[in-house]
Amino acid sequence: MPEICRFDGIVISMIYDDHNWPHVHVRFAGDEASYDLRKMAITDGGLPSAKQKDFLAWARLRERELLEAWSRAERHLPIGRIARP
């Protein structure tokens, strides 16, 4: 899973071909969740409440960058990294 960002123990990755909608996988410690980037909503799994809030705050600020990364992944181009908070 290509990692696009890591901060405060949160690891954010993106895989284009495992679902059809723009999304990221977010891990913290032993927890993992998937988030739909169009709705900024969890679609699978779960994170501790504080880490979910941290991730969503970061993702909302970088929504455009995340969707651009998704677009690159769809075209099989390097996804790249996105800045930490």
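Residues numbered from 1 in each chain as written. Predicted model: local features only at pLDDT ≥ 70, side-chain atom pairs only at ≥ 80, totals over all residues. Heavy atoms only, no water.

A. Representation of the confidence of the model for the chain. Per-residue confidence for the chain gives a mean pLDDT of 93; residues scoring 70 or more make up 98%. Looking across the chain, the model is least confident in helix α2 (residues 63-74), with a mean pLDDT of 93, and most confident in strand β2 (residues 10-13), with 98. (pLDDT = per-residue confidence, 0-100. Helix = DSSP H or I, 4+ residues; strand = E, 2+ residues; numbered from the N terminus.)

B. Structural view of the sheet that holds strand β5 (residues 41-45). Reading across the sheet, the five strands line up as β1-β2-β3-β4-β5 and stay open at both edges, with antiparallel pairing between neighbours. On the outer flanks of this sheet lie β1 (3-7) and β5, each paired with one strand and no other. When strand polarity is set aside, the average angle formed by the axes of neighbouring strands in this sheet is 25°. Pairing between strand β4 (residues 31-36) and β5: four bridges, direction antiparallel. Note that in β5 the partner of Y35 across the bridge is I42. Contacts from helix α1 (residues 49-61) reach β1, β2, β3 (23-28), β4 and β5 within the one sheet, and its direction differs from that of β2 by about 50°. (Pairing = 2+ DSSP bridges. Axes fitted to C-alpha atoms, helices over the stretch in contact; angles between N-to-C directions. Contact = heavy atoms within 4.5 Å.)

C. Spatial organisation of the pairing of β1. Pairing geometry for β1 and β2, over four bridges, is antiparallel. Bridging from a neighbouring strand, E3 pairs with S13 of β2. In this structure, the hairpin formed by β1 and β2 is closed by a connection of two residues, where D8 is found at a positive phi of approximately 50°.

D. Quick look at α2. Over its 12 residues, α2 runs 17 Å from end to end, which matches the ideal 16 Å to within 8%, given 1.5 Å per residue. The complete set of buried residues in α2 reads L66, A69, W70 and A73. For α2, the buried positions fall inside an angular range of 100° around the axis, keeping them on one side. Where α2 is buried, its residues meet β1, β3 and α1. Of the residues trailing α2, H76 is marked for its positive phi of about 60°. (Expected span 1.5 Å × (residues − 1). Buried < 20%, exposed > 50% of the residue type's maximum accessible area, 1.4 Å probe, protein only. Arc of directions from axis to C-beta.)

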